[in-house]
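Tertiary structure, described
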Amino acid sequence: MSFCAGIQAGPPIEVFALTQAFTTDTFDKKVNLGVGAYRTEESKPWVLPVVRKIEQLMAADQSLNKEYLPVLGLAAFSQAATKMLLGDDSPALADGRAVGIQTLSGTGALRVAGEFLARTCGRTTIYSSEPTWENHRLVMLNAGFQEYKSYRYWDPATRSLDLKGMLEDLRAAPERSVIILHACAHNPTGVDPTPDQWKQIAEVIREKNLFPLFDSAYQGFASGDLDKDAFAVRSFVKDGFELVCCQSFAKNFGLYNERVGNLTVVTSSKEVLANALSQITLLIRGMYSNPPQHGARVVATALNDPTLYQEWRVCIKTMADRIISMRAGLKERLIKLGTPGNWDHITNQIGMFSYTGLNVEQVEYLRNEYHIYMLKSGRINMCGLTNANLDYVAGAINDAVN
Ligand code: PLP
């Protein structure tokens, strides 16, 4: 008898199952709107030219070696990443109250932050938006939270933010609950609060003694502007909040499988930060000991060299602009076709994803009849669209809705 006899198979992970089904589909016009990664106009993954260039420089640099990094990672990377998030003139950086820790991409940052908050700081309850990135739940329960709950976020009627519901749910949360907030380009809805709405959210978080955990997976990639996409985090820091922020460099550097992430911790004083850092060091030492170097060095090189930094900014603008143009192209076609409903949300939403409002039956219809793949929630990745397939996809959506 096997040592794991009696163990049931777990449920499939929707996004990976979808890609598998798409890959085996032999229909020539098939379209994958389910993936969570950037695609070019030719439907191909994109290695950023600046990344290729830095990798070539690194390959030629005989001074680089494969020694272990420290437990908290490459300082040149984490310092630059933290500065990119908080801004050059951040009061928290100037006071020495903020620090960055290299992690295993955004997921790794979330896990380290979760373990620190649950196991070290004794927080028991965590909230994320409904809907949210589907992995928040698993990461946070595995990190040691006793309860994972949701606050309202998406209003299906208006296809926009349910601010009233969100504030009500936050007001009703037990004190000291941790609140996951998407820093920008909310996944999966593409709906972000406005600056004024962020103010109202911040007021409730302060009033109810909640703790903000930002998830920043799309800085720069969302609007093409790094500062604009960091607005929410910076305004919380400016208002004097203590917080943590989990940064991913998967999307904005196209470094998905290199697992480059940063956990920024902002505290009220230098002294508490030192203690927090020593506890996080022990957590990481016991979890994976230390992070890998390659991707972090690529990012550190780009962020710390003015010429390469400029080249990278051009790359993120290229990606953001292509996504924005696909949004406009889809909306324009649906309006032209007279597809029932209001499609303003397609261009009002931001980032890679759009919550189309298509229901499960429509999603299934699109897959069965047109070989167009998307998540059951109706979330689509705008990068799956190209000028070559826009007419086909718009026509199919029109058919599914009618
Ligand atoms: N958070 C959000 C909201 C995401 O959308 C993602 C990836 O899709 C992540 C975190 C984690 O990404 P990674 O671990 O690849 O950096």
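The model shown is predicted, which means the values in this text are computed figures rather than measured ones.

Concerning the site of the ligand
Close to the ligand lie 13 residues; Ser105, Thr107, Asp215, Tyr218 and Ser248 are nearest. Gly106 places a polar main-chain atom, nitrogen or oxygen, 2.8 Å from an oxygen atom of the ligand. Lys251 is positioned with one of its side-chain polar atoms (N or O) 2.9 Å from an oxygen atom of the ligand. For the ligand, whose accessible area on its own is 400 Å², the fraction buried by protein is 92%. A per-element tally of the shell around the ligand places helix H5 (residues 105-120) first, with 3 residues.

Structural notes on H5
Note: α-helices contain 3.6 residues per turn, so residues at a spacing of three or four share the same orientation. In a regular helix each residue adds 1.5 Å, so 16 residues correspond to 22 Å; H5 covers 21 Å between its end C-alpha atoms and thus fits that length. Most of H5 sits out of view: 12 of its 16 residues are buried. Regarding H5, the residues found buried are Ser105, Gly106, Gly108, Ala109, Leu110, Val112, Ala113, Gly114, Glu115, Phe116, Leu117 and Ala118. The first or second residue beyond H5 is Gly122, which carries a positive phi of 70 degrees.

Observations concerning the confidence of the model for the chain
Reading predicted coordinates in detail is not appropriate for stretches of low pLDDT. For the chain, the mean per-residue pLDDT works out to 96, and 100% of the residues sit at or above 70. Across the assembled chains, the prediction reports ipTM 0.99 with pTM 0.96.

Rules of the game
Residues numbered from 1 in each chain as written. Predicted model: local features only at pLDDT ≥ 70, side-chain atom pairs only at ≥ 80, totals over all residues. Heavy atoms only, no water. Near = heavy atom within 4 Å. Polar contact = N/O pair within 3.5 Å; in protein donor to acceptor, adjacent residues only side chain to side chain. Areas by Shrake-Rupley, 256 points an atom, 1.4 Å probe, with all protein chains shown as cover. Helix = DSSP H or I, 4+ residues; strand = E, 2+ residues; numbered from the N terminus. Expected span 1.5 Å × (residues − 1). Buried < 20%, exposed > 50% of the residue type's maximum accessible area, 1.4 Å probe, protein only. pLDDT = per-residue confidence, 0-100.

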